[in-house]
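Analysis of the macromolecular model
Below are the chains, spelled out letter by letter.
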Amino acid sequence: MTGIVYKSTGSWYTVKAENGNIYQCRIKGKFRIQGIKSTNPIAVGDVVDFSLETKSDEVTGVIESIHERKNYIIRKSVNLSKQTHIIAANIDVVFLLITINNPTTFTTFIDRFLVTAEAYDIRVVLLFNKTDNQSEEEFMEAKYLASLYRDIGYECLGISAKTGKNVEKVKALMTGNVSMFSGHSGVGKSTLVNAIEPTLNLKTAETSEQHQQGQHTTTFAEMYDLSFDAKIIDTPGIKGFGVVDIAKEELGDYFPEFFELKSECKFNNCLHINEPQCAVKEALENEEIAWSRYKSYLQILEGEDEGYRKNVYDSE
C-alpha cells in the first residue's frame, strides 16, 4: 500500500493510505535514507510504501520504502551540532510568521530560514503577524523589512490572526497546496491556523521562555486536511535554525540578490569578503544590498551558530 505520513512521534508514524484509511505504522528494521544523516529517517509529508500486519486483532503497518522527495526542510540543533532533523517533506509553500515584538523575530533567523528554503527549493511567503498590536515604531519596522524582502523577490503579507486581516489572501495561497507554517514560539502560528480552519482547534500558547526550552531537539510536526482543498503541516516553535550542509562556495547562491551579481565579480569563486572587484561588496557600499543580509551571510559563512538569535544591529 502507498500513503502519506501525517504525523511522527519518533517510533510510530500515522499514515493516510490512498484509500483514505489511517494506519499506525512503524519502520521495518534499520531504516536509513542514503546520504542524509538525520535523527528521523521519515518525516511528515513523505510518501511511503507499507504493508499491513495483524496482531491481537490490531491492524498496524510496516513502512518498507520511501518515495523520492520533491524537497524537504531540514535544520540542525545548535546544542547537538552533528544532529540534523528533517522537519517536513514534499512542501509546496512555507509561511514564515514574523513578529516585530513579543517575540522579536531577528533578521538573522529569517535569513537562515530563507537560505535553507532556497537550498532545498521551497517557496516561502513571509507573514508579518500581529499588525493589530503594533506601535507606530513597530509598524514602520515591519514595513521596512517587508520592503527589504519584497525587493529581493519574496512575497510578504501583513496579517492579523486575531482580526482576520489578509487571512483570506493566505487561504488563497494555500489552496491546492501542502503548506507549512513556521516561526518562533509565540508568533501566532496556531492562532492563524485556527482562524483559517476553526474546526482544527489547535492549542495556542503564550510566549514563555520555559516553554521554548528544548523544542529544537524534539520537534514533532503534524499534517492536517483542510475543508478547502488544502493540507497544512503544523510545526512546534523553532527556537534556532542552524544551516545544514551548504558549501562556503555555494552559500551566496542562496541569497538571490548576491547570486544576481555573481557574474559581475572578478573571480567566479568570489566569497564576497576581501576579494578585489567584488560586485556584491560594491552593491553593499552603494546600499543596493541590505547590511542585515550581508551580516547574516557572514555569520553563516563563519559558522556562527551561537549568534543567530542576536539582533544584527547590536554590534553596529
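Let me begin by describing the structure that accompanies this report.

What counts and how
Residues numbered from 1 in each chain as written. Predicted model: local features only at pLDDT ≥ 70, side-chain atom pairs only at ≥ 80, totals over all residues. Heavy atoms only, no water. Axes fitted to C-alpha atoms, helices over the stretch in contact; angles between N-to-C directions. Helix = DSSP H or I, 4+ residues; strand = E, 2+ residues; numbered from the N terminus. Parallel < 35°, antiparallel > 145°, perpendicular 65-115°, else oblique. Left-handed = near helix turned anticlockwise from the far one by under 90°. Contact = heavy atoms within 4.5 Å. Nonpolar A, V, L, I, M, F, W, Y, C, P; charged D, E, K, R; others polar. Buried < 20%, exposed > 50% of the residue type's maximum accessible area, 1.4 Å probe, protein only.

At their nearest, the axes of helix α1 (residues 107–119) and helix α9 (residues 291–301) sit 9 Å apart, and the two run at 65° to each other. On the basis of the axis angle, α1 is roughly perpendicular to α9. Seen from above, α1 lies across α9 with right-handed handedness. The residues of α9 that touch α1, namely those facing Thr107, Thr108, Asp111, Arg112, Leu114 and Val115, are Ser292, Arg293, Ser296, Gln299 and Ile300. When the residues that make up the contact of α1 with α9 are grouped by side-chain class, the tally is three nonpolar, five polar and three charged.

Residue proline 103 follows asparagine 102 across a cis peptide bond; omega there is -5°. One can find proline 103 in the loop between β8 (93–98) and α1. If you check the backbone angles, asparagine 102 has positive phi at about 55° while not being a glycine. Along the chain, asparagine 102 falls in the loop between β8 and α1. Using a relative accessible area of 49% as the deciding quantity, one classes asparagine 102 as partly exposed.

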